[in-house]
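Chains, contacts and geometry: an overview
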Amino acid sequence: MKKFAFLLAPLALSLLTQCAGYQLGASKPAKMASVTKLAVPTFKNDTLEPRLEVLATNALIKKIQADGAYKIVPASEADAVLNATIVDIHRSQFRAVRSNTLRTSELLMRLQIRYTVNDSAGTELLAGQASGASNIVLDPNVQLTERQALADAAERLSTSLASQISEGW
């Protein structure tokens, strides 16, 4: 009887672990399953913030490369092209000075984009929006503080967008 239990224990253990629902590797959206090479041209910037498009594009390319779901290549070699437009930067007060509620002590910056992914034939595979937000403590140099907040918001936006195109959520 002990021998029989000794043989059933590994079998029961393997059956229990196989139904965990996890899988190795990327689980791309169904429409992106055939895409292995992706081109990411510089985003279009519909805001008045200079050089923001390069900041956001570079952040996204780094996230996609770190994720490993797609190889970043020029548009001529790509299976699909991701085109994005920065549509809005929203600045708002996140926290006020205790003694004066009109004076900001912490700033919230929200960056929003619209994107489409088209295959080499021009057929739209994916489309959507992504956003990233950052809150930062204001210091006397407001322009530098805003630039740092935009860089952080671009990083968070790239994380959101990379997960949408490589994992579907």
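Keep in mind that this is a model prediction, so the values were computed, not measured.

**Digging into the pattern of salt bridges**
Under the criterion given, the structure shown has six salt bridges. A salt bridge links Glu146 to Arg91; the nearest nitrogen and oxygen atoms lie 3.4 Å apart. Placement of the pair is Glu146 in helix H3 (residues 142-167) and Arg91 in strand E4 (residues 80-97), with a sequence separation of 55 residues. Look at Glu146 and you get partly exposed, because its relative accessible area is 22%. Between Asp152 and Arg156 there is a salt bridge, and its shortest N-O distance comes to 3.2 Å. Linking Asp152 with Arg156, this pair stays in helix H3, spanning four residues, or about one helical turn.

**Description of the environment of Leu52**
Residue placement: Leu52 occurs in helix H2 (residues 52-67). Between the C-alpha atoms of Leu52 and Ala154, which are 102 residues apart in sequence, the distance is 8.6 Å. Among all residues touching Leu52, those that are not within four sequence positions of it are Asn45, Thr47, Ile86, Ile89, Leu111, Arg147 and Leu150.

**What to know about unusual backbone geometry**
One non-glycine residue, Arg51, lies in positive phi territory at about 60 degrees. Looking at where Arg51 falls in the secondary structure, it is placed in the loop between strand E2 (44-45) and H2. By relative accessible area, Arg51 is classed as exposed at 59%.

Thresholds applied
Each residue is numbered by its place in its chain's sequence as written, counting from 1. Note on the predicted model: pLDDT of at least 70 is required for a residue's local features to be given, and 80 or more for side-chain atom pairs to be given and counted; whole-chain, interface and lining totals, by contrast, use all residues. The side-chain quantities take in all heavy atoms of the structure and omit both hydrogens and water. Here a salt bridge means any side-chain nitrogen of Lys or Arg lying within 4 Å of a carboxyl oxygen belonging to Asp or Glu. Helix and strand assignments come from DSSP, with helices taken as H or I runs of at least 4 residues and strands as E runs of at least 2, each series counted from the N terminus. When a residue's accessible area, from a 1.4 Å probe over protein chains only, is under 20% of the maximum for its type it is buried; when over 50% it is exposed; and in between it is partly exposed. Residue contacts follow a heavy-atom distance rule, with two residues in contact if any of their heavy atoms lie within 4.5 Å.

Structural measurements only, silent on function.
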